[in-house]
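Per-entry structural report
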Amino acid sequence: MPRRRDVGRSAGRWALCARAMLIAVIGAGLAAAVPAAAEEQPTYRLFLLDDTPLVSYSEITHVGGRAVFTVPLGSASDPAALRVVSLPERLVDWERTNRYSDAVRLRRYATTRGDDDYKALTEFLARAMSDMAFSTDPAEKLRIGGDARRKLAEWPAAHFGFRELEVRELTAILEEAISDVQASAG
């Protein structure tokens, strides 16, 4: 007959495994939910302080007190129709321009690599949760959980804020598992 302590460990292990499976299912389901968009060149906007928006076919660069960017003159598919332009930086609404650029980067990332990277993150987390479940050493479980927590904390900033809400939800699941390990370890 199993000792009472072994039954508790087994139940805790299954709870961690169930969480790991939930993470894997969430990752696979959400990655499949967003269709990949067709490849297209992102366009940026540079906003002047007088609210005039200017289209740019490149990132805006700061050079010697000037904002340097590429504007279309005619068809954007014709490279000869693009011109490099510069303006004094003091004319630019940088807060609005940077917000817009961040949104363009996020959209581009989401349509190219975002889903694959998110899937890899959820697979990593499912493995970490599984490793926590099958480890017999509470210190090792906490080390694994701490490593996974750090990766989750750093992930949104390193990936343009992609799926930040989902990453917070995954973090909450991991935090619950870490708390369970801490409670069972005394």
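Our subject is the structure that appears above.
Residues numbered from 1 in each chain as written. Predicted model: local features only at pLDDT ≥ 70, side-chain atom pairs only at ≥ 80, totals over all residues. Heavy atoms only, no water.

1. Considering the overall build of the protein
What counts, and what does not: The way it works is that DSSP assigns letters per residue, a run of H or I at least four long becomes a helix, a run of E at least two long becomes a strand, and they are numbered from the N terminus. The cut-offs for exposure are 20% and 50% of the maximum accessible area for each residue type, with area from a 1.4 Å probe on protein chains only; residues under the lower value are buried, those over the upper are exposed, and the others partly exposed. Two residues form a contact once any of their heavy atoms are found within 4.5 Å. For the area figures, the Shrake-Rupley method with a 1.4 Å probe applies, and any residue is considered shielded solely by the protein chains shown.
Assigned secondary structure in the protein consists of four helices and five strands. Out of the 186 residues belonging to the protein, those deemed buried represent 31%. Pairs at least 24 residues apart make up 59% of the contacts formed inside the protein by residues separated by at least 6 positions. Approximately 11200 Å² of the protein is accessible, and the part contributed by carbon and sulfur atoms is 57%.

2. Details of the environment of Ser-58
Our working rule: We call two N or O atoms a polar contact when they sit within 3.5 Å, provided that within protein one can donate a hydrogen and the other can accept it, with sequence-adjacent residues counted only if both atoms are side-chain atoms.
Examined against the element boundaries, Ser-58 turns out to sit in the loop between strand S2 (53-56) and strand S3 (61-63). Ignoring sequence-local partners within four residues, the contact set of Ser-58 consists of Tyr-44, Phe-69 and Thr-70. Side-chain polar atoms of Ser-58 contact the side chain of Thr-70, separated by 3.0 Å.

3. Remarks on the pairing of S2
How we decide: Any two strands with at least two DSSP bridges between them are considered paired.
Where strand S1 (residues 44-47) and S2 come together, four bridges link them in antiparallel fashion. Within the sheet, the bridge partner assigned to Phe-47 lies in S2 and is Pro-53. Once S1 ends, the chain turns through five residues before running back antiparallel as S2, passing Asp-51 with a positive phi of about 75°.

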